[in-house]
Amino acid sequence: MLTQDGGRVHATTQQRAADHRPYFFLSYAHTPGYGGGTDPDMWVERLFQDLCGHVMAMTDLPAGAPAGFIDREIRSGEGWSERLGEVLATCRVFVPLFSPRYFASEMCGKEWYAFAQRAIHHRARSNQPAEAIVPALWVPVPPSQLPGPAERLQFNHRDFGDRYVSDGLYGLIKLKLFNEEYERAVYELAKRIVSVADTVRIGTGRPVDYRLAPSAFGSTGGGAGGPRPMQVTIAAATRHDLPEGRNADYYGDNPQDWNPYHPDAARPLAYVAEDLVRSLNYQATIASFDEEAGLPAGKQPPTTPEILLVDRWALQDEDRCRRLAAFDAENRPWVTMVVPWNRDDHESRAAEAELTAKLERTMPTKMRQGRAYCRAAAKGVPSMEAFGQILPQVVEVAAQQYLRHAAVYLPATGGGGPTERTRLMGPMAQTQYIPGTHDASTDAEDTDDGQS
């Protein structure tokens, strides 16, 4: 059973003993060797062993049970991608070692992204936050260089000591003068890991394909310029304007309250989408299509990439249907449409043929673009899990189309001569989610279809 203390949930001794998942995953950026000297990551290995020793002392883990995980032995070996995916889907706490090199590492960003999805899905199912990322300073990083996912963490590093904040664990471990400060910082870090593991207890997830996963830091890494903007727009009904016979349990007072995956999910989809977009280092804003419908036509340069979540039932309102048709006629390629469609919603399944045909007639341009960019997004996303799997591809398409159609301001030449036109590159140009090279949505769709 679980016990509660001040609103926090604690695991019993029996539960901790039976749960042999690693307490923590130590995520770090590999440092390249220099001058043929010793292994530069040997100090990370020492930190890992020290943390494992403290965790074993603070818990009742049996002999042989993993206190933590570090990838030093497997990253270059066969099956390392699968092994990393398995551990990130099951470990209790994620411990990133902050450093400038860490946030420039695509591999570290993939690890962060894979773990963060578990907390997002936990919150989607329960509507309760669950933060199980415990950061550690390896080398201090200026706040201006932190990407959005790291900047948003609520964590007070000063609890581990002032010297730790100024020099990081690397500075403490390298200088014998600071040995006492190092021991204190590692001890406090281990205490925090055990506390979070025993109180937060997010569920295990499905392993993310590490080779195809995006980076939580974006393709450029770091926090230069801050998170990029992305709008999430909801075209959905409310409980006040539902067609006759439609269950109101999926709706709220506003379109943003729409929860198509009820009862499996307790959190409205707009806010789940916001969390997922933010996990890709974007600054997300939420809007209602009903409120945005009067904005300038699509011939105007776009101001932000956009994800449009469409409830097929919303087209039963004829006024909204006309406005969606007018929106589709404007042809805004930087707006990528997603059609959530709960496979367990019996009313939706019974009306699927009728509502699908109406969406095809109302928004033929968006449906055609959707089939080209992300087939499952347009066809109907059958579950919350599938929604999380396809969203990175949808976000990538919106970002690339936005940069393709955004206004380009040419610099003045002074002499009136011709200039080379500025070329814009996509913000995630290095990601594996490139339309035409791999359709991640097909994988998500095929996976979920096999589970119905």
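Residues numbered from 1 in each chain as written. Predicted model: local features only at pLDDT ≥ 70, side-chain atom pairs only at ≥ 80, totals over all residues. Heavy atoms only, no water.

In the annotation of an unreviewed UniProt entry, the chain is listed under the name FxsC protein and assigned to Streptomyces poriferorum.

### Describing the sheet that holds strand β3 (residues 24–27)
What holds strands together in a sheet is hydrogen bonding between their backbones, with the strands either parallel or antiparallel. Quick note on the threshold: Whether two strands pair depends on DSSP finding at least two bridges between them. Put simply, DSSP marks the helices as runs of H or I at least four residues long and the strands as runs of E at least two long, and each gets a number from the N terminus on.
Strand order in the open sheet formed by four strands is β4-β3-β5-β6, with parallel pairing between adjacent strands. Looking along the sheet, the strands with just one partner apiece sit at the ends: β4 (68–69) and β6 (136–137). One ladder, built from two bridges, connects β3 with β4; its direction is parallel. Among the inter-strand pairings, F25 is bridged to a residue of β4, identified as F69.

### Description of the confidence of the model for the chain
The test is simple: For every residue, the predictor assigns a confidence score, pLDDT, that lies between 0 and 100. In this description, contact between two residues means that some pair of their heavy atoms is separated by no more than 4.5 Å.
Across the chain, the average pLDDT comes to 84, with 80% of residues at 70 or higher. Across residues 220–224, confidence stays below pLDDT 50; counting only partners more than four residues off in sequence or on other chains, it has ten contacts.

### Quick look at the pattern of salt bridges
Selection criterion: Salt-bridge detection follows one rule: a side-chain nitrogen of Lys or Arg within 4 Å of a carboxyl oxygen of Asp or Glu. The classification of residues rests on relative accessible area computed with a 1.4 Å probe and restricted to protein chains. Under 20% of the type maximum is buried, over 50% is exposed, and intermediate values are partly exposed.
One pass over the full model with this rule turns up 20 salt bridges. A salt bridge links R206 to E385; the nearest nitrogen and oxygen atoms lie 3.2 Å apart. One end of the pair, R206, is in the loop between α8 (179–199) and β7 (228–235); the other, E385, is in helix α16 (residues 384–405), with 179 residues separating them in the sequence. Residue classification places R206 among the partly exposed residues on the basis of a relative accessible area of 33%. Residue E352 is joined to R312 by a salt bridge in which the shortest nitrogen-to-oxygen separation is 4.0 Å.

### Considering the sheet that holds strand β8 (residues 282–288)
What counts is decided by this rule: Lines fitted to the C-alpha atoms define the axes, with helices restricted to the stretch that makes contact. Angles between their N-to-C directions range from 0 to 180 degrees.
In space, the four strands of this open sheet follow the order β8-β7-β9-β10, with parallel pairing throughout. Edge positions in the open sheet fall to β8 and β10 (335–338), since each of these has one partner strand only. Geometrically, the sheet is characterised by an average inter-axis angle of 25 degrees between neighbouring strands, direction not taken into account.

### Quick word on the layout of surface pockets
This is how the line gets drawn: We place a 1 Å grid over just the protein atoms. Points where a 1.4 Å probe fits but has no way out form a cavity, open points with protein on both sides within 12 Å along at least 5 of 7 lines form a pocket, and any residue with an atom within 4 Å of a point lines it. Grid points are joined across faces, edges and corners, and a volume is the space filled by probe spheres set on the points. In this classification, the charged set is Asp, Glu, Lys and Arg, the nonpolar set is Ala, Val, Leu, Ile, Met, Phe, Trp, Tyr, Cys and Pro, and all remaining amino acids, among them Gly, are polar.
The space that makes up the largest pocket amounts to roughly 940 Å³. Around the largest pocket, the lining is made up of 31 residues, and of these A119, P129, A130, E131 and A132 lie nearest the centre. Elements represented by at least two residues in the lining of the largest pocket include exactly β2 (8–11), α5 (106–126), α8 and α9 (269–278). The class makeup of the residues in the lining of the largest pocket is 17 nonpolar, six polar and eight charged.

### A few points about the packing of aromatic side chains
Geometrically, a pair of aromatic rings is defined through the distance of the ring centres and the angle of the planes. Stated precisely, the cut-off is as follows: For this analysis, a ring pair means two rings from Phe, Tyr or Trp (six-membered ring only for Trp) whose centres lie within 6.5 Å, classed as stacked if their planes differ by under 30 degrees, edge-to-face if by over 60, and tilted for the remaining angles. Geometrically, a charge over a ring is one whose NZ (Lys) or CZ (Arg) sits within 6 Å of the ring centre while staying within 35 degrees of the ring normal.
All chains considered together, the criterion is met by 15 aromatic pairs. Aromatic side chains F98 and F103 sit 4.9 Å apart centroid to centroid with 65 degrees between the ring planes, which places their arrangement in the edge-to-face category. Like F98, the residue F103 is buried in the burial classification. Put simply, the rings of F25, F69, F94, F98, Y102, F103, W112, F115 and F217 touch in pairs and so form one group of aromatic residues. The ring of W341 carries the charged tip of R312 above its face, separated from the ring centre by 4.4 Å.

### Brief notes about the side chain of R21
Relative to the helices and strands, R21 is located in the loop between α1 (13–18) and β3. Excluding residues that lie within four positions of it along the chain, R21 makes contacts with P66, T90, C91, R92, R118, I202 and T204.

### Details of helix α13 (residues 352–362)
This is how it is decided: By arc we mean the arc of the directions from the helix axis to the C-beta atoms, nothing more.
Where α13 is concerned, the buried positions are L355, K358, L359 and T362. All buried residues of α13 project into a common sector of 100 degrees when viewed along the axis, lining one side. Residues of α13 that are exposed and point more than 90 degrees away from the buried face comprise A353 and R361. For α13, the secondary structure elements touched by its buried residues are β9 (306–310), α11 (318–329) and α14 (364–373).

### Details of the nonpolar core
Formally: Working definition of a nonpolar core: buried Ala, Val, Leu, Ile, Met, Phe, Trp, Tyr and Cys residues. They are joined through side-chain atoms within 4.5 Å.
Core analysis: the biggest nonpolar cluster contains 108 residues, and F24, W112, L309 and F387 have the highest contact counts within it. The contact partners of F24, leaving out residues within four places of it in the chain, are F48, L51, C52, V55, A67, G68, F69, V93, V95 and I193. C321, M337, M363 and A406 belong to the second largest nonpolar core, which has 18 residues in total.

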